[in-house]
Amino acid sequence: MTYAGIQESLFDAAVGEAGEPVVQPLGSGIRRRRLEHGAWVDLRPGWLTGATPLFERLTATVPWRAERRRMYDVTLPVPRLTAHYPDGHRLPDPLLTRLRDELSAHYARELPEGFVSAGLCLYRDGRDSVAWHGDRIGRGARQDTMVAIVSLGAPRQLSLRPRGGGESLRFTMSGGDLLVMGGSCQRTWDHAVPKVPASGPRLSIQFRPPGVL
């Protein structure tokens, strides 16, 4: 599976040697936004520059799955492609291992257990989306936890709103951008990627600690 015509952002155009992506310093560029109920969001625009080669490798080589989900009395296709790499499984590209390890090191004080798993979602066009939800916190996981998202490909909006309703926040994530949801975010806020009239393909990489699904 390959995609052509990805429009690069200014960050995404700066590649390293041999055309490989460049991982920029993490700490110096992060901005934290405090939310209600003890939640927060960290943003690091352009953490990964020159990310198009990674996008192309992953879309071409990852064994993407088209899932189906029961909704009421109907089984419907999930509007995106997915892949999951649990704790102990090799990630599909060495650069993803580096990103996961750098995130674990940066957040070691707040998340001593580190990030251990990765989920990948491929939004093929503007019709692909994910509805409002919070990542599940399983047995043995801390109640205040983190989910780190690296975006590749076309810009898409990630929305957050307080669980139970309220005004939503909108973050436009471009290729190479990082967003980390922390504190009580998975318990007290929901997030979504809404449908849009038109969009190029976008790939989302979600790094999670133990027990977060």
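Values in this document were obtained by computation on a predicted structure and should not be read as measured data.

A. The nonpolar core, seen in detail. Core analysis: the biggest nonpolar cluster contains 35 residues, and L120, L152 and F207 have the highest contact counts within it. Contributions of two or more residues to this core are made by α1 (52–61), β6 (74–85), α2 (94–106), β7 (117–123), β9 (147–153), β12 (178–183) and β14 (202–208). With four residues, α2 is the largest single contributor of residues to this core. If near-sequence neighbours (up to four positions away) are discounted, L120 is found in contact with L58, V62, W64, L81, T82, A83, Y85, P92, L203, S204, I205 and Q206. Counting residues in hydrophobic clusters, the runner-up holds 20 residues, among them V41, L43, Y123 and L179.

B. Highlighting α2. Here α2 spans 19 Å end to end across 13 residues, near enough to the 18 Å set by a 1.5 Å rise per residue. Within α2, burial applies to L95, L96, L99, R100, L103 and S104.

C. The arrangement of the packing of aromatic side chains in detail. The tally for this structure, following the rule as stated, stands at two aromatic pairs. Ring geometry for W40 against Y107: centres 6.3 Å apart, planes inclined by 20 degrees, an arrangement best described as stacked. Of the two residues, W40 sits in strand β3 (residues 39–44) while Y107 sits in the loop between α2 and β7, which places them 67 residues apart along the sequence. Between Y107 and F115, the ring centres sit 6.4 Å apart and the planes meet at 80 degrees, which makes this aromatic pair edge-to-face. Chaining the aromatic ring pairs together yields one cluster made of W40, Y107 and F115. The ring of W40 is capped by R32, whose NZ or CZ atom sits 3.5 Å from the centre of that ring.

D. Main features of the environment of L103. On the secondary structure map, L103 appears in helix α2. Spatially, the C-alpha atom of L103 lies 7.8 Å from that of G114, the residues being eleven residues apart in sequence. Leaving out residues up to four positions away in the same chain, L103 has contacts with L26, W47, F115, A148, L178 and F207.

Calculation notes
Residues numbered from 1 in each chain as written. Predicted model: local features only at pLDDT ≥ 70, side-chain atom pairs only at ≥ 80, totals over all residues. Heavy atoms only, no water. Core = buried A, V, L, I, M, F, W, Y, C linked by side-chain atoms within 4.5 Å. Buried < 20%, exposed > 50% of the residue type's maximum accessible area, 1.4 Å probe, protein only. Helix = DSSP H or I, 4+ residues; strand = E, 2+ residues; numbered from the N terminus. Contact = heavy atoms within 4.5 Å. Expected span 1.5 Å × (residues − 1). Phe/Tyr/Trp six-rings, centres within 6.5 Å; stacked < 30°, edge-to-face > 60°. Lys NZ or Arg CZ within 6 Å of the ring centre and 35° of its normal.

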